[in-house]
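# Descriptive analysis of the structure
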Amino acid sequence: MWYNTKAKAILGIEYPILQGPFGGGLSSAELVATVSNAGGLGGYGAYTLSPQEIYDIDKQIRAATAKPYNLNLWVSDTDGPDGSVSDEQYELARKTFQPYFDELGIPVPAKPAPFKSRFENQLQVVLDIRPEVFSFMFGLLPGDVLDQLRKRGIKTIGAATTLDEAIALDQTGVDLIIASGFEAGGHRPSFLAAAEASTTGTFVLVQLIREKVKTPVIAAGGIADGRGIAAALTLGADAVQVGTAFLATDESNALPIHRHMLFSEAARYTTLSRAFTGRLGRGITSRIARDLIAREKQFLPFPLQTTFMSPLRKAAVEQQQWDMVLFWGGQIAPLLKHRSAKQLMQSLIAETTAHFNYLKA
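Here we summarise the structure given alongside this text. Nothing here was measured: the structure is a model prediction, and the numbers come from that model.

What counts and what doesn't
Residues numbered from 1 in each chain as written. Predicted model: local features only at pLDDT ≥ 70, side-chain atom pairs only at ≥ 80, totals over all residues. Heavy atoms only, no water. Salt bridge = Lys/Arg side-chain N within 4 Å of Asp/Glu carboxyl O. Helix = DSSP H or I, 4+ residues; strand = E, 2+ residues; numbered from the N terminus. Buried < 20%, exposed > 50% of the residue type's maximum accessible area, 1.4 Å probe, protein only. Core = buried A, V, L, I, M, F, W, Y, C linked by side-chain atoms within 4.5 Å. Contact = heavy atoms within 4.5 Å. Pairing = 2+ DSSP bridges. Right-handed = clockwise from strand over helix to strand, strands pointing away. Phe/Tyr/Trp six-rings, centres within 6.5 Å; stacked < 30°, edge-to-face > 60°. Lys NZ or Arg CZ within 6 Å of the ring centre and 35° of its normal. Polar contact = N/O pair within 3.5 Å; in protein donor to acceptor, adjacent residues only side chain to side chain.

### Considerations on the pattern of salt bridges
Under the definition given, this model contains 14 salt bridges. Note that Asp58 is salt-bridged to Arg62, the shortest N-O span being 2.6 Å. Residue Asp58 and its partner Arg62 are both found in helix H3 (residues 51-64); the two are separated by four residues, about one turn of the helix. The residue Arg150 makes a salt bridge to Asp147 at a minimum N-O spacing of 2.8 Å. Residue Arg150 and its partner Asp147 are located together in helix H6 (residues 143-151), separated by three residues, close to a single helical turn.

### So, unusual backbone geometry
With the exception of glycine, most residues fall at negative phi, and the peptide bonds are largely trans. Following Phe302, the chain continues to Pro303 via a peptide bond in cis, the omega torsion being -5°. Its location among the elements puts Pro303 in the loop between helix H12 (287-291) and helix H13 (304-318). Positive phi, close to 60°, is recorded for Phe138, a residue that is not glycine. Relative to the helices and strands, Phe138 resides in the loop between strand E4 (133-137) and H6. The exposure class of Phe138 is buried, given its relative accessible area of 8%. Positioned with a positive phi, Ala294 is a non-glycine residue whose angle comes to about 70°. Turning to its location among the elements, Ala294 is positioned in the loop between H12 and H13. Given the relative accessible area of 66%, Ala294 is considered exposed.

### Regarding the nonpolar core
Ranked by internal contacts, the top residues of the largest apolar core, which has 100 residues, are Ile17, Phe97, Phe134, Leu141, Leu149, Phe246 and Ile288. Setting aside residues no more than four positions away along its own chain, Phe134 makes contact with Asn70, Leu71, Leu73, Leu123, Val126, Leu141, Leu149, Ile154, Lys155, Thr156 and Ile157. Core analysis: the second largest hydrophobic core is formed by 18 residues, Ala7, Leu11, Ala159 and Leu176 among them.

### Quick look at the pairing of E4
Along E4, five of the five residues are buried, which leaves the element largely enclosed by surrounding structure. The alternating pattern of E4 places Val133, Ser135 and Met137 on one face and Phe134 and Phe136 on the opposite face, and all of these are buried. Bridge count between strand E3 (residues 69-74) and E4: five bridges; the pairing is parallel. The partner of Leu73 across the bridge, within E4, is Phe136. With four bridges connecting them, E4 and strand E5 (residues 155-160) associate as parallel partners. From the neighbouring strand, Phe136 faces E5, where its bridge partner is Gly158. Note on the crossover from E4 through H6 to E5: the handedness is right-handed.

### Brief notes about the packing of aromatic side chains
The full count for this structure, using the stated rule, is 14 aromatic pairs. Geometrically, the ring pair formed by Tyr47 and Phe302 is tilted, given 6.4 Å between the ring centres and 40° between the ring planes. Here Tyr47, found in the loop between strand E2 (42-45) and H3, pairs with Phe302, found in the loop between H12 and H13; they are 255 residues apart in sequence, far enough to count as distant. In this pair, the class of Tyr47 matches that of Phe302, namely buried. Geometrically, the ring pair formed by Trp74 and Phe138 is tilted, given 4.6 Å between the ring centres and 50° between the ring planes. In this pair, Trp74 sits in strand E3 while Phe138 sits in the loop between E4 and H6, placing the two residues 64 residues apart along the sequence. There is no split in this pair, since Trp74 and Phe138 are both buried. Cluster of aromatic residues (ring-pair linked, three or more members): Tyr90, Phe97, Tyr100, Phe101, Phe299 and Phe308. Directly above the ring of Phe138 sits Arg279, whose terminal nitrogen or CZ lies 4.3 Å from the centroid. Looking at Arg339, its charged tip hangs above the ring of Phe263, at a distance of 3.9 Å from the centre.

### Examining the environment of Thr352
One can find Thr352 in helix H14 (residues 341-360). Sequence separation of Thr352 and Ile178 is 174 residues, and the distance between their C-alpha atoms is 20 Å. Residues in contact with Thr352, not counting those within four places in the same chain, are Trp2, Gly226, Ile229 and Ala230. Within the structure, the side chain of Thr352 is placed 2.6 Å from the backbone oxygen of Leu348, a separation counted as a polar contact.

### Details of the sheet that holds strand E11 (residues 281-284)
Read across the open sheet, the three strands follow the order E7-E11-E10; overall the sheet is antiparallel. Unpaired on one side and paired on the other, strand E7 (186-187) and strand E10 (270-273) mark the two borders of the sheet. Both E10 and E11 contribute to a ladder of four bridges, which runs antiparallel. The residue bridging Thr270 from the neighbouring strand is Ile284, located in E11.

In structure tokens, the structure reads:
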């Protein structure tokens with residue numbers, strides 16, 4: 001059967017379908033458990049959480065499912081020198097965004113305090129709680145860390161946006177590699193070159209990686225139904241990761257307006273922008289993203305730009321100024337059909353099975 005892949009065997013799941021691990025508070029224990037209980041691999045994006053919060057959410061997930069699940073962290077979680085920003089750069093950002101804060105009637109926030117990386121402390125939690133699967137983005141893990149994960153029986157998944165990144169991940173010995181095409185919603189997890197250079201589509205990237213790398217590949221980006229899964233598997237992927245379609249379900253922790261927007265006509269148009277977080281990411285096109293195209297030098301580095309923009313987002317949501325809010329989403333959003341994660345999983349499995357059965361007929 002189509003689901004008997006290397007990825008299925010490595011991850012200990014029934015179907016090689018992974019739910020994208022959303023960061024920024026968009027994941028939920030309920031969504032993770034729903035996907036894992038249905039035979040896939042649920043995922044929780046924990047890069048914004050404190051160590052204690054990771055412990056707590058892990059308990060919630062384990063109480064809701066006995067199946068494998070995935071915890072996700074960011075290897076590189078800050079871009080500014082020493083996690084800080086100069087007065088000059090802050091002043092440039094303040095002038096750039098002042099009109100938007102004025103429009104919402106709120107003051108521009110003060111310069112964000114320096115950000116101290118949390119990755120090492122977060123990683124220790126992963127080693128302590130031993131999830132079946134640990135995925136990571138924005139970099140490579142040192143060999144000694146991978147050894148510790150292996151000794152604890154934790155399977156590892158790294159994310160690549162280019163062939164070079166996939167080769168680098170392969171050389172470290174990860175268990176699986178995500179081929180993240182530029183169609184995908186959310187941040188571009190590039191780490192060897194500027195994210196703007198990672199504009200290869202999912203299905204081309206899968207083929208390039210499969211040709212040069214022995215590690216099993218997970219296709220991510222532009223997949224929301226059985227046809228997409230079948231196409232990815234046919235081109236050499238051993239599994240798929242579905243993000244936007246699961247983000248739009250009632251079980252995700254996205255705001256109701258966010259889920260509504262993913263099913264709206266607005267979802268036909270998405271943009272890659274650094275304006276909201278400081279790192280390049282794809283979401284439904286907003287006025288701010290359109291206005292500030294090619295003005296990235298006027299933004300603060302990640303995650304200080306996120307901190308800087310947080311009051312604006314809060315005010316825009318309260319005032320229902322949706323064109324000033326970033327709603328994460330991929331290019332596949334216009335094809336979304338399901339608001340229930342369980343129904344989405346059932347549909348993905350049934351549609352993929354029907355496709356391969358048709359080919360056999």
